Amino acid sequence: MDKIWLASPHMSDEGYEMQYIKEAFDTNWIAPLGPNVNEFEKELAEKVGAKHGAALSAGTAALHMGLKAAEVGEGDIVFCQSLTFAATANSIIYQHATPVFIDSDYETWNLSPKALGEAFEKYPNVKAVLVAHLYGLSADMDPIIQMCKKYNAILIEDAAESLGATYKGKYTGTFGDYGIFSFNGNKIITTSGGGMLVSNDEERIAKVRFWATQARDNARYYQHSEIGYNYRMSNVVAGIGRGQLKVLDQRVEKKKYIFDFYKRELGSLEGIDFMPINDWNKPNYWLSCITLKGEIKPIDVILTLEKENIESRHIWKPLHMQPVFAQYDYVGGKVAEDIFDRGVCLPSDTKMTEEDLTRVCSVIRSLWE
Ligand SMILES: *Cc1c(COP(=O)(O)O)cnc(C)c1O
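Residues numbered from 1 in each chain as written. Predicted model: local features only at pLDDT ≥ 70, side-chain atom pairs only at ≥ 80, totals over all residues. Heavy atoms only, no water.

Turning next to the site of the ligand. Taken together, 15 residues surround the ligand, and among them T60, D158, E161, S182 and K187 come closest. Take D158: an N or O atom from its side chain is 2.7 Å from a nitrogen atom of the ligand. Measuring from an oxygen atom of the ligand, one finds a side-chain N or O atom of K187 at 3.3 Å. Coverage of the ligand by the protein chains reaches 93% of its 380 Å² of free accessible surface. The set of elements that each furnish at least two residues to the shell around the ligand consists of α3 (59-69) and α4 (86-94). The dominant element in the shell around the ligand, judged by the number of residues it contributes, is α3, at three residues. Here the residues of the shell around the ligand are counted per class, giving five nonpolar, seven polar and three charged. (Near = heavy atom within 4 Å. Polar contact = N/O pair within 3.5 Å; in protein donor to acceptor, adjacent residues only side chain to side chain. Areas by Shrake-Rupley, 256 points an atom, 1.4 Å probe, with all protein chains shown as cover. Helix = DSSP H or I, 4+ residues; strand = E, 2+ residues; numbered from the N terminus. Nonpolar A, V, L, I, M, F, W, Y, C, P; charged D, E, K, R; others polar.)

Next comes the structure, spelled out in structure tokens:
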């Protein structure tokens, strides 16, 4: 039986990526920076409606540079959604700041406005808020933005998983002062590895490009007045990104088809619920996720699929439950923990055929028989 993946790279049928890579080779723009990088920044920013973008080596690097651009540093508190990938919070530690983890709500699976309100009362001097849009579902941005304004906190969106998803008609990643995207191998579009920081603040984005290119002062020799990083995306990699961006809408469409297929085929099984889709949310359906409330547990589904050579996954383990972050405060209840305990990410690979999807569904259904 062929392996069915959770989400694997899916290059365009048209071969757009190879055209841009070939251009880079033909002109010997193999070194980092070059026309593909500049164009990819412009094209992605334009697509999501941000003014500027800095193409970087990873989404994690984009998070780090976003926090640095926001002047988050030692002694600062940053509120961070607990139910997310560790990279979201690692950037806070890179900047020697202190994370305070915040619970999610069932309506969005993302940052709970109620828990966030409690956190603001407890830490009114918080410097920044890191909200994630997990699995391509958008957080409820209006109350989050309102509170950030009230407390004068900088808002940073981890949209690594939500490129192409909108909240009330506007693309996720463009609500905050900074937004980040990832083009890691399993994301909705990929450059094999890469990321982008977007913002409307031209001067800050220029500064990020400077830091990410080793912070070289404008001199004929190598002079440095600040600590730099080697975080830029290469011109070859950016070529893949430009090609992938052309098929983003197609990928979102296929991801939605996958979600709808599961909902139709599995929705009537007892104790299965699907991730929440709100009126204001047009997700990119990066991963189709379910929660279970009966006898059958996530691990049963995961192991049964694994036996049939099908990859699935637990929901992110909340960061306040991670040994490495045990010393930091947490505000909220047990929602994130409960979604983790009961959640499964189903295979959501856009290369899956209808036959593949039928195979996945019949393996899952066998657990209920
Ligand atoms: C993938 C991911 C990242 C990290 O992106 P990389 O490009 O792999 O560094 C950060 N946050 C979330 C929520 C992610 O899913």
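Pairing within the open sheet is antiparallel, and its three strands lie in the order β7-β6-β11. Across the chains shown, the open sheet's two edge strands, defined by having one partner strand only, are β7 (170-171) and β11 (281-282). Where strand β6 (residues 166-167) meets β11, two bridges bridge the pair, whose relative direction is antiparallel. Bridged to Y167 within β11 is N281. (Pairing = 2+ DSSP bridges.)

Before going further, it helps to spend a moment on the pairing of strand β8 (residues 178-182). The element β8 is largely enclosed, with a buried count of five among its five residues. Across the two faces of β8 the burial is the same, with Y178, I180 and S182 and G179 and F181 all buried. Pairing between strand β5 (residues 154-158) and β8: three bridges, direction parallel. In the strand pairing of β8, I156 is matched with Y178. With four bridges joining them, β8 and strand β9 (residues 195-199) adopt antiparallel strand pairing. Each residue of the ladder has a partner; that of F181, found in β9, is M196. (Buried < 20%, exposed > 50% of the residue type's maximum accessible area, 1.4 Å probe, protein only.)

Once that is clear, we can look at the packing of α3 against helix α7 (residues 202-212). α7 packs onto α3 with a crossing angle of 125 degrees between their chain directions and a minimal axis gap of 10 Å. One element, α3, and the other, α7, form an angle in the oblique class. In this structure, α3 meets α7 at a crossing whose hand is right-handed. Residue-level inspection shows M65, K68 and A69 of α3 in contact with α7, the latter providing R204, V208 and W211. Class assignment for the residues of the contact of α3 with α7 results in four nonpolar, no polar and two charged. (Axes fitted to C-alpha atoms, helices over the stretch in contact; angles between N-to-C directions. Parallel < 35°, antiparallel > 145°, perpendicular 65-115°, else oblique. Left-handed = near helix turned anticlockwise from the far one by under 90°. Contact = heavy atoms within 4.5 Å.)

It is worth spelling out the sheet that holds β5 at this point. Taken in spatial order, the eight strands of this open sheet run β1-β9-β8-β5-β4-β2-β3-β14, and their pairing is mixed. Only two strands of the sheet have a single partner each, and these edge strands are β1 (52-56) and β14 (330-331). Sheet strands touched by helix α6 (residues 141-150): β4 (128-132) and β5. Its angle to β5, the strand with the most contacts, is close to 150 degrees.

Among the five residues in β5, four count as buried, and that is most of the element. Two strands pair when backbone bridges link them, and β4 and β5 are joined in this way by five bridges, in the parallel orientation. Looking at the pairing, A128 lines up with I154 of β5. Running through α6, the crossover from β4 to the neighbouring parallel element β5 is right-handed. (Right-handed = clockwise from strand over helix to strand, strands pointing away.)

Domain annotation of the protein identifies domain 1 (16-245) and domain 2 (248-368). Using C-alpha coordinates to define each centre, domain 1 is positioned 25 Å away from domain 2. Tallying the contact residues gives 49 residues for domain 1 and 42 residues for domain 2. When the two sides are added together, the surface that domain 1 and domain 2 hide from each other amounts to roughly 3,900 Å², 64% of it contributed by carbon and sulfur. For K122, the salt bridge goes to D329, with nearest N and O atoms at 2.8 Å. The interface formed by domain 1 and domain 2 contains 27 residue pairs in polar contact (both at pLDDT 80 or more). (Domains from an automatic or database assignment. Buried area = accessible area lost by both parts, 1.4 Å probe. Salt bridge = Lys/Arg side-chain N within 4 Å of Asp/Glu carboxyl O.)

So, about the nonpolar core. Membership of the largest hydrophobic core comes to 64 residues, with the highest contact counts inside it found for L44, Y135, L163, F183, Y262 and L266. Take this core: its biggest share by element is seven residues, from helix α9 (residues 248-266). With residues up to four places along the chain from it excluded, the contact list for Y135 reads W109, E161, M275, N284, Y285, W286, L287, C289, H314, I315, W316 and C345. (Core = buried A, V, L, I, M, F, W, Y, C linked by side-chain atoms within 4.5 Å.)

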